[in-house]
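# Observations on the three-dimensional arrangement
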Amino acid sequence: MRRNSPPASSMATGKDHRLLHHQNSKRKFSLVPLLSLLCFASIFLALSLFRKASIPSHSRGISRFRSDPNAALQSCDFSDGTWIYDPDATPQRYDNTCKEIFKGWNCIASNKSNARELIKWKWKPKQCDLHPFDPVMFLEKYRDTSIGFIGDSLNRNMFVSLFCTLKRVTSEVKKWRPAGSDHGFTFLHYNLTIAYHRTNLLVRYGRWSANSNDAELESLGYKEGFRVDIDVAEGTWAEAPSFHDILIFNTGHWWWAPSKFDPLKSPMLFFENGHPVIPPLHPHAGLDKVLMHMVTYVEKRARPSTVKFFRTQSPRHFEGGDWDQGGSCQQLQPLLPEQVEELFSLKNNGTNVEARIVNQHLYKALEGSNFHILDITRMSELRADAHPSTAGGKKHDDCMHWCLPGVTDTWNDLFIAHLNLKVRN
């Protein structure tokens, strides 16, 4: 008997069903690798999240520190650290043959017993490293730049250190004086100029006597003294903000100099807008006024791109009395932290307390300004061993200035580390 064939539509339906089943099988087969990959990725993500949650926060901070050294430098407190002795330290960046070193600061030439040991002490901040700056890289990076050091002889100490370091790597130097400066040099191949503008108080001052027709002061019993114009920049640097690209200021030592400004015989008499300030100001208040006026003066006259630093106070290390009372500094190694507090604590009100007092005024005046603070005080308080002392060639020990080479080389390392960060930003 002949079997009846299925209708054409039924045959088509069966064929389609077999084809669909075959396609579905292929599709399921092709999804297996994709599903496996997604499953693996989910497990990896879960493990990663678990690991991140289980790592202490300080460890993650260390990871970031290692991956972004610039961020670490920006947050580093360079002033908080320790002096570490390295007996195998490489030769100094310059030596006693640099002719710009003032005779009283040339401790190697003066045969100070520990002069050659000074360069073997390296400053190590707790949070980062402070490396000696590379003079060739500095000259290259700051081509066509003018740098002005403005302040007393301690800023000259720093200026000479920078000059001698740069001079060691290039001999093409022209000596000249930018407007008002005491000393200036241009490194010709790089067109980089550094200059020192001497100013003791930042502002104009000079002798005053009762014959100067200031009846108000005379009526208060003043016969003579020093007129200090708190709102008039001293002429040695008044134009400097208009042509220097980088400025480094300091002041402080002369504000507590009784041999110069004796509070009874030759007091500081402050003037504002050409008239005496009545009642007369104490030097502390006078310094506040001067800093306020001079910060404003610089910010108005400097170009927007000018980088401005104010260096904190350089500490003195007189022991047994002040410089004119037989004080001396015979230490041959850095001080211990407890010795530092004995010398500089405000509570003890000792001979050298001026450093921390001046800094209080500086921080107050610079708050809210666009000056950068260069804090060299804490690192320098430890270095009672690094002054010229009896090798300074004076009738008394020089426990205020610094031997060269010496501590101010590290000041310049700090200055250039900060400068590089500011320029990079």
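Residues numbered from 1 in each chain as written. Predicted model: local features only at pLDDT ≥ 70, side-chain atom pairs only at ≥ 80, totals over all residues. Heavy atoms only, no water.

The line we're drawing: UniProt positions are given in the numbering used here, feature names are shortened, and annotations may be inferred rather than shown by experiment.
As annotated in an unreviewed UniProt entry, the protein carries the name Protein trichome birefringence-like 13 and is attributed to Tripterygium wilfordii. As its UniProt record puts it under Sequence similarities (unreviewed entry), the protein is described as follows: "Belongs to the PC-esterase family. TBL subfamily." The UniProt entry for the protein carries the following comment under Subcellular location (unreviewed entry): "Membrane".

### A closer look at the pairing of strand β2 (residues 121–125)
Operational definition: Three labels apply to residues, based on accessible area from a 1.4 Å probe with only protein chains included: buried if under 20% of the type maximum, exposed if over 50%, partly exposed otherwise in between. Here a strand is any run of E in DSSP of at least two residues, a helix any run of H or I of at least four, and the numbering for each starts at the N terminus. Pairing between strands requires that DSSP locate at least two bridges from one strand to the other.
Of the two faces of β2, only the one carrying Trp121, Trp123 and Pro125 is buried; Lys122 and Lys124 on the other face are not. Note that strand β1 (residues 81–85) and β2 share five bridges and pair antiparallel. Paired with Tyr85 across the strands is Trp121, a residue of β2.

### Brief notes about the packing of aromatic side chains
For clarity, the threshold we go by: Side-chain rings of Phe, Tyr and Trp, where Trp is taken by its six-membered ring, are said to pair if the distance between their centres is within 6.5 Å; with planes under 30 degrees apart they count as stacked, over 60 as edge-to-face, and otherwise as tilted. Charge-over-ring contacts are defined here by two conditions on Lys NZ or Arg CZ: a distance within 6 Å of the ring centre and an angle within 35 degrees of the ring normal.
For the structure shown, the criterion picks out 22 aromatic pairs. Within the aromatic cluster, the residues linked to one another by ring pairs are Phe149, Phe159, Phe163, Phe185, Phe187, Tyr196, Phe309 and Phe415. Here the basic side chain of Arg227 rests over the ring of Phe271, its NZ or CZ set 4.1 Å away from the ring centre. Above the ring of Trp83, the side-chain terminus of Arg383 is found at 4.5 Å from the ring centroid.

### Focus on the state of the cysteines
Rule in force here: The disulfide criterion is simple: two cysteine sulfur atoms within 2.5 Å.
Taken as a whole, this structure holds four disulfides when the rule is applied. With its sulfur 2.0 Å from that of its partner, Cys76 forms a disulfide with Cys128. When the S-S torsion is -70°, as for the bridge of Cys76 with Cys128, the disulfide is left-handed. Of this pair, Cys76 sits in the loop between α3 (69–75) and β1 while Cys128 sits in the loop between β2 and α4 (135–141), and the two are 52 residues apart along the sequence. Here the two residues Cys76 and Cys128 agree in accessibility, since each one is buried. The residue that forms a disulfide with Cys98 is Cys164, at a sulfur-sulfur distance of 2.0 Å. The chirality of the disulfide connecting Cys98 with Cys164 is left-handed, given an S-S dihedral of about -85°. On the criterion of sequence distance, the pair formed by Cys98 in the loop between β1 and β2 and Cys164 in helix α5 (residues 153–167) is long-range, its members being 66 residues apart.

### Things to note about unusual backbone geometry
With an omega of -5°, the peptide bond running from Ile278 to Pro279 counts as cis. Positioned with a positive phi, Asn111 is a non-glycine residue whose angle comes to about 60°. One can find Asn111 in the loop between β1 and β2. Owing to a relative accessible area of 67%, Asn111 belongs among the exposed residues under this scheme. In this model, Ser389 sits at a positive phi of 55°, which is unusual for a non-glycine residue. Inspection of the secondary structure puts Ser389 in the loop between α10 (377–381) and α11 (407–424).

### As for helix α9 (residues 354–366)
Cut-off, in case you're wondering: Given the number of residues in a helix, its expected span is that number minus one, multiplied by 1.5 Å. Any pair of residues with heavy atoms lying within 4.5 Å of one another is described as a contacting pair.
Its 13 residues place the ends of α9 18 Å apart at the C-alpha level, agreeing with the 18 Å of an ideal helix rising 1.5 Å per residue. If you check which residues of α9 are buried, you get Glu354, Ala355, Ile357, Val358, Asn359, His361, Leu362 and Leu366. The inward-facing, buried residues of α9 abut α7 (283–301), β12 (307–311), β13 (372–374) and α10. Within two residues after α9, Gly368 carries a phi angle of roughly 85°, on the positive side.

### As for the side chain of Ser181
So the rule is basically this: Counting of polar contacts relies on pairs of N or O atoms within 3.5 Å, with two restrictions inside protein: one atom must be capable of donating a hydrogen and the other of accepting it, and residues adjacent in sequence are counted only when both atoms are side-chain atoms.
Within the fold, Ser181 resides in the loop between β4 (173–175) and β5 (183–187). Ser181 sits in the buried class, given a relative accessible area of 6%. Separated by 2.8 Å, the side chain of Ser181 and the backbone oxygen of Pro178 make a polar contact. Contact partners of Ser181, with chain neighbours within four places excluded, come to Ala195, Tyr196, His197 and Thr236.

### Here's the deal with the sheet that holds strand β7 (residues 203–209)
Test applied: To obtain an axis, a line is fitted to C-alpha atoms, over the contacting stretch when the element is a helix, and the angle between two such axes runs from 0 to 180 degrees between their N-to-C directions.
Taken in spatial order, the four strands of this open sheet run β7-β8-β10-β11, and their pairing is mixed. The sheet is open, and its two borders are formed by β7 and β11 (275–276), each paired with just one other strand. The pairing of strand β10 (residues 268–272) with β11 spans two bridges and is classified as antiparallel. If you follow Glu272 over to β11, its bridge partner there is His275. Each of β7, β8 (224–233) and β10 touches α7; the most contacted strand, β8, lies at about 30° to it.

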